[in-house]
Amino acid sequence: MVKPKYKRVILKLSGEALGGEKGFGIDWQVVETICEEIEKVRELGVEVAIVVGGGNFFRGRSAEHIDRATADYMGMLATVINSLALQSVLEKRGIPTRVQSAIEMRQIAEPYIRRRAIRHLEKGRVVIFACGTGNPFFSTDTAAALRAAEIDAEAILLAKKVDGVYDSDPKKNPNAKKYDFITYLDVINQRLEVMDSTATSMCMDNEIPILVFELAKGNILKAVMGENIGTIVNVKEAK
């Protein structure tokens, strides 16, 4: 039996991805598909933690009528809704799950405690990190990079609506070039929209590879197995 390439990963999901084609609210078929793949990955012995965004309900940086800090806190609360949705569907499949929140709300989630999160993973539980870093002005991308460093994740699986990293927007430029491999510095210097610069820099400093791929059926499993299905952001480009 082929062994997975990674033992412990962070799966980063955008809120828009959970919204399906509409991009808002929750598309339960999408959630079911994601959870089905997480189940298959977990059966291989891979430890899975999830960081989810909240853009399908509220995107902090796009709010015009309130200050940025308040808007970001509202966005963090949106991530809790998505986290509970994922938890519910996973547990219906018999997968033990814990939601840990960077903002304390004991009635519905555990507070984030690094050692407890690692212990949950070691026991085979899926850990869902809600509320980003718990601080305004930091994205859930940065939260994914931070949590990955804290729990010693071997990679960040960045599931997006595009099938990798391009040198320009493939929707606007039909001649856009797709990268199979690219360095962190090239992502930052070229201002490519992979993760924000803070998250990319944190991954670079901690040498955490970022696997960017399309959120399509089967791709999460393929990414864990090491198949080249998108773009790998790492220290050095493959030759």
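Per an unreviewed UniProt entry, the protein is named Uridylate kinase, and its organism is Caldicellulosiruptor obsidiansis. Quoted verbatim from the Subunit (unreviewed entry) field of UniProt, the annotation for the protein is "Homohexamer." UniProt, in the comment section headed Subcellular location (unreviewed entry), describes the protein in these words: "Cytoplasm".

Glancing now at the packing of aromatic side chains. Applying the stated rule across the entire model yields 1 aromatic pair. Seen in terms of ring centroids, Tyr-112 and Phe-129 are 5.5 Å apart; in terms of plane orientation they differ by 80°. Their pairing is edge-to-face. One end of the pair, Tyr-112, is in the loop between strand 4 (110-111) and helix 4 (114-122); the other, Phe-129, is in strand 5 (residues 126-130), and 17 residues separate them in sequence. In terms of burial, Tyr-112 and Phe-129 fall into one category: buried. Over the aromatic face of Tyr-112 sits the side chain of Arg-147, whose NZ or CZ is 3.7 Å from the ring centroid. Between the NZ or CZ atom of Arg-147 and the centre of the ring of Phe-129, over which it lies, the distance is 5.7 Å.

Across the 5 residues that make up strand 5, a large majority, 5, are buried. As defined by bridge partners, strand 2 (residues 47-52) adjoins strand 5 across 3 bridges and the pair is classed as parallel. Considered in strand 5, the bridge of Val-51 is made with Phe-129. As paired elements, strand 3 (residues 97-101) and strand 5 share 5 bridges and run parallel to each other.

Further remarks concern the pattern of salt bridges. A full pass over the atoms with the stated rule returns 11 salt bridges. We note a salt bridge from Arg-98 to Glu-110, for which the minimum N-O separation is 3.8 Å. Taken together, the positions of Arg-98 in strand 3 and Glu-110 in strand 4 put the pair 12 residues apart, joining distant regions of the chain. Of the residues examined, Arg-98 reaches a relative accessible area of 27% and is grouped as partly exposed. Glu-110 sits in the buried class, given a relative accessible area of 18%. A network of salt bridges, in which partner residues are shared, links Glu-32, Glu-39 and Arg-93.

Time to look at the sheet that holds strand 6 (residues 155-160). Sheets are built from strands paired through backbone hydrogen bonds, the pairs being either parallel or antiparallel. An order of 4-3-5-2-1-6-10-11-9 is seen for the 9 strands of this open sheet, with the pairing classed as mixed. Both edges of this open sheet fall to strand 4 and strand 9 (181-183), since each of them pairs with a single strand only. Note: strand 6 against strand 10 (residues 210-214), 5 bridges, orientation parallel. Of the residues in strand 10, the one forming a bridge with Ala-159 is Phe-213.

As a further point, take unusual backbone geometry. If you check the backbone angles, Cys-131 has positive phi at about 70° while not being a glycine. Within the secondary structure layout, Cys-131 lies in the loop between strand 5 and helix 5 (140-150). A positive phi angle is found at Phe-137, which is not glycine, with a value near 75°. In this structure, Phe-137 sits in the loop between strand 5 and helix 5. Given the relative accessible area of 53%, Phe-137 is considered exposed.

What follows concerns the UniProt feature "binding site: ATP" (unreviewed entry) in the protein. Under the present numbering, the feature "binding site: ATP" (unreviewed entry) in UniProt falls on Lys-12, Leu-13, Ser-14, Gly-15, Gly-55, Arg-59, Tyr-166 and Asp-169. Spatial dispersion of the annotated residues is evident: they stretch over 158 residues in sequence, and the largest pairwise C-alpha distance comes to 24.1 Å. A relative accessible area of 22% means that Gly-55 is categorised as partly exposed. The residues touching Gly-55, leaving out its near neighbours within four places in the chain, are Gly-15, Glu-16 and Gly-23. Among the secondary structure elements, Tyr-166 is positioned in strand 7 (residues 165-166). In this structure Tyr-166 comes out as buried when scored by relative accessible area, which is 17%. Filtering out sequence-adjacent residues up to four positions away, Tyr-166 remains in contact with Ala-176, Lys-177, Lys-178, Tyr-179 and Leu-192. Looking at Tyr-166, its side chain comes within polar contact range of the side chain of Asp-163, at 2.7 Å.

What counts and how
Per chain, residues are indexed from 1 in the order of the written sequence. Totals for whole chains, interfaces and linings use all residues, but because this is a predicted model, local features are given only for residues with pLDDT of at least 70 and pairs of side-chain atoms are given and counted only at 80 or more. Side-chain metrics rest on all non-hydrogen atoms present in the structure, leaving aside hydrogens and water. UniProt positions are given in the numbering used here, feature names are shortened, and annotations may be inferred rather than shown by experiment. Classification of ring pairs rests on two measures: the distance between centres of Phe, Tyr or Trp rings, Trp counted by its six-membered ring, which must be within 6.5 Å, and the angle between planes, read as stacked under 30 degrees, edge-to-face over 60 and tilted in between. Secondary structure elements follow DSSP: runs of H or I no shorter than four residues count as helices, runs of E no shorter than two count as strands, and numbering proceeds from the N terminus. Residue burial is assigned from relative accessible area. The probe radius is 1.4 Å, only protein chains are included, and a residue is buried under 20% of its type maximum, exposed over 50%, and partly exposed in between. Ring-over charges, as used throughout, are those where CZ of Arg or NZ of Lys falls within 6 Å of the ring centre and within 35 degrees of the ring normal. For two strands to count as paired, DSSP must find a minimum of two bridges between them. A pair is scored as a salt bridge if a Lys or Arg side-chain nitrogen falls within 4 Å of a carboxyl oxygen belonging to Asp or Glu. In what follows, residue pairs with any heavy atoms lying within 4.5 Å of each other are defined as contacts. Polar contacts, as counted here, are pairs of nitrogen or oxygen atoms within 3.5 Å of one another; within protein the pair requires one atom able to donate a hydrogen and one able to accept it, and residues that are adjacent in sequence qualify only if both atoms are side-chain atoms.

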